[in-house]
Amino acid sequence: MCVFCKIANGEIPSYKVYEDEEHLAFLDISQATIGHTLVIPKKHYENFFALDEEEAAQLMKVVALVSKKLKAALNFEAFNILNNSGALAGQTVNHVHFHLLPRYTDDGLVMHFAGKKLSDAEFKDLLGKINSK
Ligand code: AMP
Ligand code: ZN
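Looking at the layout of surface pockets
Here the largest pocket is characterised by a volume of approximately 170 Å³. Lining the largest pocket, in full, are Val3, Phe4, Ile7, Ile12, Pro13, Ser14, Tyr15, Phe26, Leu27, Asp28, Ile29 and Leu38. Contributions of two or more residues to the lining of the largest pocket are made by α1 (3-8) and β2 (23-27). Considered class by class, the residues forming the lining of the largest pocket number 10 nonpolar, one polar and one charged.

Here it is in structure tokens:
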């Protein structure tokens, strides 16, 4: 059983922020910023793609609710929401979760997208691939 399944069933303790029948939110053991919280479905799903649209919508509802709870409680400037799906994307626990990351001035967290501009032809080619699905 994975570590988040063990947290969900109480085998491993956690600092719970929110709980309902199907979801749990708890403080990340490694606080990237103060208030760093994880939101999970209690049921094991490997990553975001294992959720159907309804399950994803339910999970996102809890993400919204818990984000607002954090916002009301903590005096942060800004906020990031992050899901890592797959090892290459940084996923280390293979039970789907969203990171809720309060952001503060000089919090030291670096989230940097080194973007690459495509040519118009490249954009159209890419769009063709995506919109063929
Ligand atoms: P990810 O790298 O997106 O898979 O994130 C996994 C997160 O789970 C990391 O930020 C870890 O610090 C966190 N984590 C791992 N074990 C625990 C635990 N027992 N309680 C709380 N958070 C944990
Ligand atoms: Zn699990």
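Let's talk about a nonpolar patch on the surface
A cluster of nonpolar residues, Phe123, Leu126 and Ile130, forms a patch on the protein surface that exposes about 280 Å² of accessible area. As for its placement among the helices and strands, Leu126 is situated in helix α3 (residues 120-131). Residue class for Leu126 comes out partly exposed when judged on its relative accessible area of 38%.

Quick word on the nonpolar core
Within soluble globular proteins, side chains that are nonpolar generally end up buried alongside one another. Core analysis: the biggest nonpolar cluster contains 16 residues, and Ala25, Val39, Leu51, Val66 and Leu100 have the highest contact counts within it. Broken down by secondary-structure element, the contributors of at least two residues to this core are β1 (16-19), α2 (53-73) and β5 (98-103). Here this core gets six residues from one element, more than from any other, and that element is α2. For Val39, the contacting residues outside a window of four places in its chain are Leu24, Ala25, Leu59, Val62, Val63, Val66, Val96, His97, Phe98 and Leu100. Ranked by size, the runner-up nonpolar core spans 10 residues in total, among them Cys2, Ile7, Leu38 and Val93.

Topic: the pairing of β1
In regular strands, side chains alternate between the two faces of the sheet. The pairing of β1 with β2 spans three bridges and is antiparallel. Bridging across to β2, Tyr18 finds its partner in Ala25.

Structural notes on the side chain of His97
The topology assignment puts His97 in the loop between β4 (78-82) and β5. A polar contact of 2.7 Å, which involves the side chain of His97, links it to the backbone oxygen of His95. Beyond its immediate stretch of four places on either side in the chain, His97 contacts Phe4, Leu38, Val39, Ile40, Leu82, Asn83 and Gln91.

Brief notes about unusual backbone geometry
One non-glycine residue, Asp106, lies in the positive phi region at around 60°. Mapped onto the elements, Asp106 comes out in the loop between β5 and α3. For Asp106, a relative accessible area of 77% translates into the label exposed.

What counts, and at which threshold
Along each chain, numbering runs from 1 in the same order as the chain's sequence is written. To label them, take the chains in the order written and letter them from A, then take the ligands in the order written and number them from 1. At least 70 in pLDDT is required for a residue's local features to be given in this predicted model, at least 80 for side-chain atom pairs to be given and counted, and no such filter applies to totals for whole chains, interfaces and linings, which use all residues. Note that the side-chain values use all heavy atoms of the structure and ignore hydrogens as well as water. Buriedness of a pocket was judged along seven lines, with at least five required to meet protein on both sides within 12 Å; pockets are open sets of points on a 1 Å grid over the protein atoms alone, cavities are sets where a 1.4 Å probe fits but cannot get out, and lining residues have an atom within 4 Å of a point. Grid points are joined across faces, edges and corners, and a volume is the space filled by probe spheres set on the points. A run of H or I in DSSP counts as a helix once it spans at least four residues, and a run of E counts as a strand once it spans at least two, with each numbered from the N terminus. By the convention adopted, Pro, Cys, Tyr, Trp, Phe, Met, Ile, Leu, Val and Ala count as nonpolar, Lys, Arg, Asp and Glu as charged, and the other residues, Gly among them, as polar. To count toward a patch, a residue needs a relative accessible area over 30% and no salt bridge; like charges are then connected within 9 Å, while nonpolar side chains (Val, Leu, Ile, Met, Phe, Trp, Tyr) are connected within 5 Å. Under the convention used here, a 1.4 Å probe and the Shrake-Rupley method define accessible areas, while residue burial counts only the protein chains that appear. Definition used for salt bridges: Asp or Glu carboxyl oxygen within 4 Å of a side-chain nitrogen of Lys or Arg. Accessible area is worked out with a 1.4 Å probe on protein chains only. A residue is then buried under 20% of its type maximum, exposed over 50%, and partly exposed in between. Nonpolar cores were defined as sets of buried Ala, Val, Leu, Ile, Met, Phe, Trp, Tyr and Cys residues, with membership established by side-chain atoms within 4.5 Å. We call two residues in contact when some of their heavy atoms are within 4.5 Å. Here a strand pair is declared whenever DSSP counts at least two bridges between the two strands. A 3.5 Å cut-off defines polar contacts: any pair of N or O atoms within that distance qualifies, except that in protein one atom must be a possible hydrogen donor and the other a possible acceptor, and neighbouring residues in sequence count only when both atoms are side-chain atoms.

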